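Structural features, examined
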Amino acid sequence: MRIDVVTIFPEYLEPLNVSLVGKARARGQLDVRVHDLRQWTHDRHHTVDDTPYGGGPGMVMKPEPWGEALDAIEASGPQGTAPVMVVPTPSGRPFTQRLAVELSAKPWLVFTPARYEGIDRRVVDAYAERWEVHEVSIGDYVLAGGEAAVLVITEAVARLLPGVLGNAESHRDDSFAPGAMADLLEGPVYTKPPVWRDRDIPEVLLSGHHGKIARWRRDQAFRRTSALRPDLIERCDPAALDKHDRALLAELGWTQGPDGRFGRPGGPVEE
Ligand code: ADE
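What counts and how
- Residues numbered from 1 in each chain as written.
- Predicted model: local features only at pLDDT ≥ 70, side-chain atom pairs only at ≥ 80, totals over all residues.
- Heavy atoms only, no water.
- Helix = DSSP H or I, 4+ residues; strand = E, 2+ residues; numbered from the N terminus.
- Rg over C-alpha atoms; globule rule 2.2 N^0.38 Å.
- Contact = heavy atoms within 4.5 Å.
- Areas by Shrake-Rupley, 256 points an atom, 1.4 Å probe, with all protein chains shown as cover.
- Lys, Arg positive; Asp, Glu negative; His and termini not counted.
- Charge placed at Lys NZ, Arg CZ, Asp CG, Glu CD.
- Pairing = 2+ DSSP bridges.
- Right-handed = clockwise from strand over helix to strand, strands pointing away.
- Salt bridge = Lys/Arg side-chain N within 4 Å of Asp/Glu carboxyl O.
- Buried < 20%, exposed > 50% of the residue type's maximum accessible area, 1.4 Å probe, protein only.
- Phe/Tyr/Trp six-rings, centres within 6.5 Å; stacked < 30°, edge-to-face > 60°.
- UniProt positions renumbered as here; feature names shortened; annotations may be inferred.
- Polar contact = N/O pair within 3.5 Å; in protein donor to acceptor, adjacent residues only side chain to side chain.
- Arc of directions from axis to C-beta.
- Near = heavy atom within 4 Å.
- Nonpolar A, V, L, I, M, F, W, Y, C, P; charged D, E, K, R; others polar.

Here we take up the overall build of the chain. Tallying secondary structure elements over the chain gives 8 helices and 11 strands in all. For the chain, whose C-alpha radius of gyration is 23 Å, the value lies well above the compact-globule estimate of 18 Å for 271 residues. Each of the three principal axes of the chain carries a C-alpha extent, and together these read 70 × 45 × 40 Å. Of all intrachain contacts in the chain linking residues separated by at least 6 positions in sequence, the fraction that spans at least 24 positions is 71%. Looking at the chain as shown, the accessible area adds up to about 15,500 Å², and 53% of this sits on carbon and sulfur atoms. Put simply, the chain has 32 plus and 40 minus side-chain charges, and the middle of one group is 6 Å from the middle of the other.

Structure representation (structure tokens):
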């Protein structure tokens with residue numbers, strides 16, 4: 001996969017040289033190119049922003065440098081292929097594991113992290129006519145710029161690329177993995193030593209009984225999800241649950257409506 005990032009703070013993307021993403025780059029699995037937006041300005045001050053039409057606080061990023069940058073990046077790729085543009089913005093659609101999986105299947109992503117009050121709207125509108133464009137928010141809070149969101153999205157996407165994670169199985173049980181574990185939060189994990197500060201580990205994990213261990217892990221996932229993310233229980237597909245799951249949810253105060261969906265009219269019971 002190729003990833004281009006256009007930013008006025010190239011040094012903010014230095015973490016892409018480290019750890020999982022850095023190793024994927026070193027192995028040639030990921031081709032990351034970070035560009036300074038100011039190289040596509042033509043005035044002495046390398047101006048990238050201007051005052052907003054209609055008034056109001058802050059500055060807006062000018063469209064011309066972005067247009068030149070995106071055209072140059074497109075021209076640097078294979079003839080006739082367009083990248084997928086990812087625009088980090090708090091007004092985008094929420095970034096989820098589902099979108100990470102979708103983006104991980106694309107051969108070429110271009111990120112356009114903005115500073116100030118954002119980029120002149122005409123840039124996204126113009127490229128959306130030619131490219132696939134995703135405006136993406138990493139959460140309901142406002143960052144000072146989109147660069148941190150680029151790091152987040154890149155890491156979530158890169159670890160899904162074939163051969164990037166050591167163990168091909170290791171994202172099967174990820175919290176939010178589509179399909180896996182019925183979209184539940186992952187439960188607790190333990191390693192040696194068996195006793196630490198007088199705390200031992202759940203006995204079932206020492207039993208060697210794979211069926212019992214899998215069931216225990218699933219129960220833990222349901223308990224945690226019920227406590228911390230009841231919205232995921234409400235959304236979950238009842239057909240993905242077995243008798244044991246339904247009994248556990250009933251114990252936690254969940255009831256099934258006429259459509260089979262789970263709800264908890266009385267609110268949480270002791271988890
Ligand atoms: N830029 C500023 N805040 C952001 C957010 N929450 N997600 C993505 N990009 C952003």
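Still more ground to cover, so stick around.
Let's shift gears to the pairing of strand E2 (residues 31-36). Two strands pair when backbone bridges link them, and strand E1 (residues 2-7) and E2 are joined in this way by 6 bridges, in the parallel orientation. Paired with isoleucine 3 across the strands is valine 32, a residue of E2. Since E1 and E2 lie parallel, the crossover through helix H1 (residues 19-26) that links them has a hand, and here it is right-handed.

Another point: the pattern of salt bridges. All chains considered together, the criterion is met by 16 salt bridges. Glutamate 74 serves as the salt-bridge partner of arginine 130, at 2.9 Å between the closest nitrogen and oxygen. Highlighted residues: arginine 130 in the loop between helix H4 (121-128) and strand E7 (133-137) and glutamate 74 in helix H2 (residues 63-75), separated in sequence by 56 residues. Its salt-bridge partner being glutamate 251, residue arginine 223 comes within 3.3 Å of it at the nearest N-O pair. Of the two residues, arginine 223 is situated in helix H6 (residues 210-228) and glutamate 251 in helix H8 (residues 243-251); the sequence distance between them amounts to 28 residues. According to the relative accessible area criterion, arginine 223 is partly exposed, its value standing at 28%. Salt bridges sharing common partners tie together Arg215, Arg218, Asp242 and Asp245.

This brings us to the packing of aromatic side chains. Using the criterion set out here, one finds 1 aromatic pair in the structure. Measuring from ring centre to ring centre gives 4.8 Å for tyrosine 127 and tryptophan 131, while their planes differ by 55 degrees; the resulting arrangement is tilted. The exposure class of tryptophan 131 is buried, given its relative accessible area of 5%.

This part is about the UniProt feature "binding site: S-adenosyl-L-methionine" (unreviewed entry) in the chain. Residues annotated by UniProt as "binding site: S-adenosyl-L-methionine" (unreviewed entry) correspond here to Ile138, Gly139, Asp140, Tyr141, Val142 and Leu143. The topology assignment puts aspartate 140 in the loop between E7 and helix H5 (147-158). Residue class for aspartate 140 comes out exposed when judged on its relative accessible area of 83%. Its location among the elements puts tyrosine 141 in the loop between E7 and H5. Taking the relative accessible area as the measure of exposure, tyrosine 141 reaches 43% and is therefore partly exposed. Within the structure, the side chain of tyrosine 141 is placed 2.9 Å from the backbone oxygen of isoleucine 138, a separation counted as a polar contact.

Relative to the helices and strands, serine 91 resides in strand E5 (residues 84-94). Residue class for serine 91 comes out exposed when judged on its relative accessible area of 65%. Within the local environment of serine 91, its side chain forms a polar contact with the side chain of threonine 89, the two groups lying 2.9 Å apart.

Glancing now at the side chain of arginine 115. Within the secondary structure, arginine 115 sits in the loop between strand E6 (108-111) and H4. A polar contact of 2.9 Å, which involves the side chain of arginine 115, links it to the side chain of glutamate 147.

Listed in full, the buried residues belonging to helix H3 (residues 97-104) are Gln97, Leu99, Ala100, Leu103 and Ser104. Angular distribution of buried residues about the axis of H3 spans 160 degrees; they occupy a single face of the element. Its buried side turned inward, H3 meets E5, E6, E7 and H5.

Okay, the site of the ligand next. Around the ligand, the neighbouring residues are Pro88, Thr89, Pro90, Val136, Ser137, Ile138, Gly139, Tyr141, Val142, Leu143, Gly145 and Ala149. Threonine 89 is positioned with one of its backbone polar atoms (N or O) 3.1 Å from a nitrogen atom of the ligand. Tyrosine 141 is positioned such that a nitrogen or oxygen atom in its backbone is 2.8 Å from a nitrogen atom of the ligand. Surface burial for the ligand is 96%, taken as the share of its 260 Å² of free accessible area covered by protein chains. For the shell around the ligand, the elements supplying multiple residues, two or more each, are E5 and E7. Per-element tally for the shell around the ligand: the top contributor is E5, with 3 residues. For the shell around the ligand, the class distribution of residues is 8 nonpolar, 4 polar and no charged.

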